[in-house]
Amino acid sequence: PTSALARVHGRTSVTMEAENGNVTRDLHAELQKSTEVTVAVAVIRTLTRAIERSTATTVMGLEKDLHASTEELKRSYPTAISVSAASELFLRFVTRTSALDVSDFGYLKQHLIDRGNRFAEISLAAKAKIAELGERFLHGGCVVMVLGCSSVMLNLLETAASKGKFFTVIVAESKPGTEGLRMYKALERANIQVTMILDAQVAHKLEEVDMVLTGAEAVVESGGIINKVGTYQMTLLAGVKGKPVYVAAESYKFARLYPLHQRDLSMATEKVEIGSSELVVRLNDYTPPDNITLLITDLGVLTPAAVSDQLIQLYQ
């Protein structure tokens, strides 16, 4: 059966290729609770619940259950890089503790649950940290071009507006999916001056822009990003026009991947009707680090070259 993990949130659709297990159902339920919860935070909460539900009575048994849960999620959503990255980081964070050596299994299990909940809290706080760092890049009267509808990107813009900064946002429609329309409406509600353009108008409008701002589904080892299809094109054109490109992304989206070409990644697809024809299009693309000026993360403002060092620290 097919299921759209992100359609619940109006996000990129993800094809489910594995049977629905308890963990997969828990993830869907978590995503349905609120449109403000990111996929990664929902994964963290889901895996914490898997620890709570485990009937294992030994450390080895509990670790086996936890690894099985993460593998189920990755099988169910093979093209959702955010699911894979969050699952791997959760395992590293939760199990990297001296409590694994204690003899009281009940204490150990509760300790791992507490660490899981703490990881979720840290991840939720990432959005506010990024907004605090990122709003400094927006100066009065600037024009920002965006693609898609990243919640962390939206929060950054809303934070800047709440501090009295006046700026204009140009939103590309972001087909397929037209996430740009959701971003447009959200910015209107926040009383931020915004206009929407066709994707084909990006190059034409870039001469009016001071910067490009984008989110990311994943940040890879090279410092490049995987994001909504069209991001690569927009950043490539921004480079031609000499416009800086800033990426707002949480550190739990850092993934141990090193693509060199678009074909190196397994991407989600969607069927799109154009007249009487039906096309199968990719929903994401890879933007190389050369196209990116800076990444605004909860770990600080990073150059693309600094990402590999941060990944080593996250996964060591």
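See the structure printed just above.
In this report, the structure presented in the accompanying data block is examined. Computed from a prediction, not measured in an experiment: that's the story for all the values here.

## Digging into the overall build of the chain
- If you tally the helices and strands in the chain, you get 10 helices and 12 strands.
- Summarising the internal contacts of the chain: among those between residues at least 6 apart in sequence, 72% fall at separations of at least 24.
- Looking at the chain as shown, the accessible area adds up to about 14,200 Å², and 51% of this sits on carbon and sulfur atoms.

## Looking at the nonpolar core
- Ranked by size, the top nonpolar core spans 32 residues in total, and within it L27, V43, L47, I51, L73, V83 and F90 carry the most contacts.
- For this core, the secondary-structure elements that each account for two or more residues are α1 (22–33), α2 (39–53), α3 (59–76), α4 (81–95) and α5 (105–134).
- The dominant element in this core, judged by the number of residues it contributes, is α2, at 8 residues.
- Core analysis: the second largest hydrophobic core is formed by 26 residues, L133, I192, L213 and I296 among them.

## So, helix α9 (residues 231–241)
- Along α9, the residues that are buried comprise T231, M234, T235 and A238. Around the axis of α9, the buried residues are gathered within 95 degrees of arc, so they sit on the same side.
- Downstream of α9 by a residue or two, G242 has a phi angle that is positive, lying close to 75 degrees.

## Thoughts on unusual backbone geometry
- Of note, the amide linkage connecting K175 to P176 takes the cis form, showing an omega dihedral of -10 degrees.
- Along the chain, the position of P176 falls in the loop between β2 (168–172) and α7 (179–189).
- Phi is positive for S174, which is not a glycine, with a value near 65 degrees.
- If you trace the backbone, S174 turns up in the loop between β2 and α7.
- In this structure S174 comes out as buried when scored by relative accessible area, which is 0%.
- For T178, which is not a glycine, the phi torsion comes out positive at approximately 45 degrees.

## Description of the pairing of strand β4 (residues 211–214)
- Going residue by residue along β4, you find M211 and L213 tucked away on one face and V212 and T214 tucked away on the opposite face as well.
- Pairing geometry for strand β1 (residues 143–147) and β4, over 3 bridges, is parallel. Following the sheet pairing, V146 is matched in β4 by L213.
- Two elements, β4 and strand β7 (residues 245–248), share 3 bridges in a ladder whose sense is parallel. Across the sheet, L213 pairs through a bridge with Y246, a residue of β7.

## Points about the pairing of β2
- β2 sits mainly inside the fold: 5 of its 5 residues count as buried.
- Here β2 shows no split at all, with T168, I170 and A172 on one side and V169 and V171 on the other all buried.
- Bridging between β1 and β2 involves 5 bridges; their strand directions are parallel. Within β2, the position partnered with V146 by the bridge is V171.
- In the sheet, β2 pairs with strand β3 (residues 193–197) via 5 bridges, with the strands oriented parallel. Paired with V171 across the two strands is M196, which belongs to β3.
- As a crossover connection, the stretch from β2 through α7 into β3 is right-handed.

## Re the side chain of E217
- Structurally, the position occupied by E217 is in the loop between β4 and β5 (218–219).
- Look at E217: it is buried, it has no salt bridge, and the nearest opposite charge is K253 at 8.1 Å.
- There is a polar contact of 3.0 Å between the side chain of E217 and the side chain of N284.

Thresholds applied
Residues numbered from 1 in each chain as written. Predicted model: local features only at pLDDT ≥ 70, side-chain atom pairs only at ≥ 80, totals over all residues. Heavy atoms only, no water. Helix = DSSP H or I, 4+ residues; strand = E, 2+ residues; numbered from the N terminus. Contact = heavy atoms within 4.5 Å. Areas by Shrake-Rupley, 256 points an atom, 1.4 Å probe, with all protein chains shown as cover. Core = buried A, V, L, I, M, F, W, Y, C linked by side-chain atoms within 4.5 Å. Buried < 20%, exposed > 50% of the residue type's maximum accessible area, 1.4 Å probe, protein only. Arc of directions from axis to C-beta. Pairing = 2+ DSSP bridges. Right-handed = clockwise from strand over helix to strand, strands pointing away. Lys, Arg positive; Asp, Glu negative; His and termini not counted. Salt bridge = Lys/Arg side-chain N within 4 Å of Asp/Glu carboxyl O. Polar contact = N/O pair within 3.5 Å; in protein donor to acceptor, adjacent residues only side chain to side chain.

Geometry only, nothing functional implied.
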